[in-house]
Amino acid sequence: MAVETVPHTEQPDVLEQTQQLIKKALEHMGCAESFYELLKRPLRLMTVRIPIRMDDGSIRVFTGYRAQHNDAVGPTKGGIRFHLAVTPEEVTALSMRMSIQCGLTDLPYGGGMGGIECDLRTMSAAELERLSREYVRAISRIVGPTKDILAPDMYTNAQMMAWIMDEYSRLREFDSPGFITSKPLVLGGSAGRESSTVKGVTIVLREAAKAAGVQIGGAKVIVQGFGHAGGYLAKFLHDAGAKIVGISDASGALYHPDGLDVDYLLEKRDAYGAVTHLFASAISNRELLAQACDILIPAAIENQITEENAANIKANIVVEAANGPTTAKATEIFASRGVLLVPDVLASAGGVVASYFERVQNNQGCYWSEAEVYRKLDHVLVKAFREVHQIALESKVDMRLAAYMAGLRKMAEAMRWRGWV
Ligand SMILES: NC(=O)c1ccc[n+]([C@@H]2O[C@H](COP(=O)([O-])OP(=O)(O)OC[C@H]3O[C@@H](n4cnc5c(N)ncnc54)[C@H](O)[C@@H]3O)[C@@H](O)[C@H]2O)c1
């Protein structure tokens, strides 16, 4: 029985938006049309059909993908998501964004991304293990520690990474920890990897505040979303002396100009990051975004800041902890108003940098402390932020376009040297 899939209408838009940004960035960089011709699609996109015997004895056929955007600089690298709405367009767009993240942080990688159409909630652990193992067998010809390095993404975790690494090592008949990152520590995982993405957000936020002349101590901050990312960021900023004047979750928002009690809210928050339903004074997310603050951190879902509300936002700095919270039109409005927008590709780049550190440690057989990982992460992200900011100032473009230009620079040069363009 084939797995049921649902249409995911947003996916082609994500691909189209990513392609448009790449095209615009290459034009600003003075690259010929041939660069875009190659970069508008992945070099390889593999589709696999995977028959799995389910616990009840029936066979179910799953569809999986692996996109490898560009390997001019080095092997591709990127996550795997297990989700019913995974499509080839989605993994294509995400592989392109991974290329940008690797490029702007100067990692020796291009972007990759994969996924399997499946609904984890309906599968047992044994079925998931069989699916993880068969997926890597199905794509084994095109992946490997020097070809394409895998990692977790939505709805995948360290256990699945361990199964995939184990299956790949069996296939190749040698232990291959550097083939996949975010493994359990005992299998060659890296200290600090789990918090590296959100830790990275705090590093670029600190740099953005410096660049905009805003002191974090005493700054008024609104955080949209109070889950893993939003809760961590609210706590980090609160401890750094900022005043968290607003937070929100899926059902509403809380705002107080004198600051909220973040520790109390974190204590009351449930496992889904929900807390505002406990308060009669809750307002809507839309109302929250229009309140006074110096720094706004969207850390929930996409398309929250649009051409309809961008002009009402009071913050001088907006840091996109979530993926795609600001539309292209809203990005333009921010740029025309002088709001410093730190785009998602830069704000969330800490994860792939820490994945790279994990692979370096696997190759060396020598492991670093969490403090060492964070020190190195700081160094890479400060450099990345400064480069992107400088490109934005020099080329008079917004930070999102500047991030794409920084992300494509090395890849474009490598393609030229290789004679691909
Ligand atoms: N988990 C991480 O380490 C991490 C790090 C950096 C960035 N991110 C990104 O941040 C975003 C959130 O991830 P997470 O891990 O915190 O998820 P999560 O599921 O832990 O939390 C999501 C939060 O957003 C809230 N939310 C959902 N819909 C909302 C809406 N319409 N309006 C306002 N709030 C809403 C939920 O109530 C919850 O508080 C994602 O885009 C993710 O990619 C996650």
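Quick caveat, the model's predicted, so the values are computed rather than measured.

Some thoughts on the pairing of strand E4 (residues 110-116)
Thinking step 1. Most of E4 sits inside the fold, with seven of its seven residues counted as buried.
Thinking step 2. Of the two faces of E4, the one holding Gly110, Gly112, Gly114 and Ile116 and the one holding Gly111, Met113 and Gly115 are both buried throughout.
Thinking step 3. With five bridges joining them, strand E2 (residues 59-68) and E4 adopt antiparallel strand pairing. Paired with Tyr65 across the two strands is Gly115, which belongs to E4.
Thinking step 4. Taken together, strand E3 (residues 76-82), helix H3 (residues 88-104) and E4 constitute a β-α-β crossover, and its handedness is right-handed.

Some details on the nonpolar core
Thinking step 1. Formed by 125 residues in total, the largest nonpolar core has its most connected members in Val204, Val221, Leu233, Val319, Leu346 and Val388.
Thinking step 2. Looking at which domains feed residues into this core, each of domain 1 (11-15 + 42-98 + 110-187) and domain 2 (191-409) gives three or more.
Thinking step 3. Beyond its immediate sequence surroundings of up to four residues, Val388 is in contact with Leu104, Leu346, Met399, Ala402, Ala403 and Ala406.

Examining helix H14 (residues 399-418)
Side chains of residues three or four places apart in an α-helix project in the same direction, reflecting 3.6 residues per turn.
Thinking step 1. Between its first and last C-alpha atoms H14 spans 29 Å; for 20 residues at 1.5 Å apiece the expected length is 28 Å, and the two agree.
Thinking step 2. In the structure, H14 departs most strongly from a straight axis at Leu408, where the bend amounts to approximately 35°.
Thinking step 3. Taken from the residues just after H14, Gly419 is the one with a positive phi, measuring 80°.

Quick word on the UniProt feature "site: Important for catalysis" (unreviewed entry) in the protein
Thinking step 1. In the numbering used here, UniProt assigns the "site: Important for catalysis" (unreviewed entry) feature to Asp153.
Thinking step 2. Within the secondary structure layout, Asp153 lies in the loop between strand E5 (148-152) and helix H5 (158-172).
Thinking step 3. Accessibility expressed as a C-beta count within 10 Å gives 21 for Asp153, which makes it buried.
Thinking step 4. In this view, Asp153 contacts Gly79, Ile80 and Arg81; residues no more than four positions away in its chain are not counted.

Quick word on the site of the ligand
Thinking step 1. In the neighbourhood of the ligand, 23 residues make up the surrounding shell, with Gly225, Gly227, Ala229, Asp249 and Gly273 lying closest.
Thinking step 2. If you list the elements that add at least two residues to the shell around the ligand, you get helix H6 (196-212), helix H7 (228-239) and strand E7 (243-249).

Focus: the sheet that holds strand E11 (residues 340-342)
Thinking step 1. Strand order in the open sheet formed by six strands is E8-E7-E6-E9-E10-E11, and the pairing between neighbours is mixed. Lying at the two open borders of the sheet, with one neighbouring strand each, are strand E8 (252-255) and E11. Strand-to-strand, the axes of this sheet are offset by a mean angle of 15°, without reference to chain direction.
Thinking step 2. Pairing of strand E6 (residues 220-224) with strand E9 (residues 295-298) involves four bridges; the strand directions are parallel. Paired with Gln224 across the two strands is Pro298, which belongs to E9.

Notes on helix H10 (residues 328-337)
Thinking step 1. Among the residues of H10, those classed as buried are Ala330, Thr331 and Phe334. Along the axis of H10, the buried positions cluster into a sector of 105°, meaning they face one direction only.
Thinking step 2. Downstream of H10 by a residue or two, Gly338 has a phi angle that is positive, lying close to 75°.

Points about the packing of H6 against helix H13 (residues 370-395)
Thinking step 1. Where H6 contacts H13, the axes come no closer than 9 Å and their chain directions differ by 45°. When the axis of H6 is compared with that of H13, the two are oblique. Of the two possible hands of crossing, H6 and H13 adopt the one that is right-handed. Judged by residue contacts, Ser196, Lys199, Gly200, Ile203, Val204, Glu207 and Ala211 of H6 engage Tyr374, Leu377, Asp378, Leu381, Val382, Phe385 and His389 from H13.

Rules and cut-offs
Residues numbered from 1 in each chain as written. Predicted model: local features only at pLDDT ≥ 70, side-chain atom pairs only at ≥ 80, totals over all residues. Buried ≥ 20, exposed ≤ 12 C-beta atoms within 10 Å, placed from the backbone. Helix = DSSP H or I, 4+ residues; strand = E, 2+ residues; numbered from the N terminus. Pairing = 2+ DSSP bridges. Right-handed = clockwise from strand over helix to strand, strands pointing away. Core = buried A, V, L, I, M, F, W, Y, C linked by C-beta atoms within 7 Å. Domains from an automatic or database assignment. Contact = placed C-beta atoms within 7 Å. Expected span 1.5 Å × (residues − 1). Bend = angle between axes of the 7 residues up to and from the residue. UniProt positions renumbered as here; feature names shortened; annotations may be inferred. Near = placed C-beta within 6 Å. Axes fitted to C-alpha atoms, helices over the stretch in contact; angles between N-to-C directions. Arc of directions from axis to C-beta. Parallel < 35°, antiparallel > 145°, perpendicular 65-115°, else oblique. Left-handed = near helix turned anticlockwise from the far one by under 90°.

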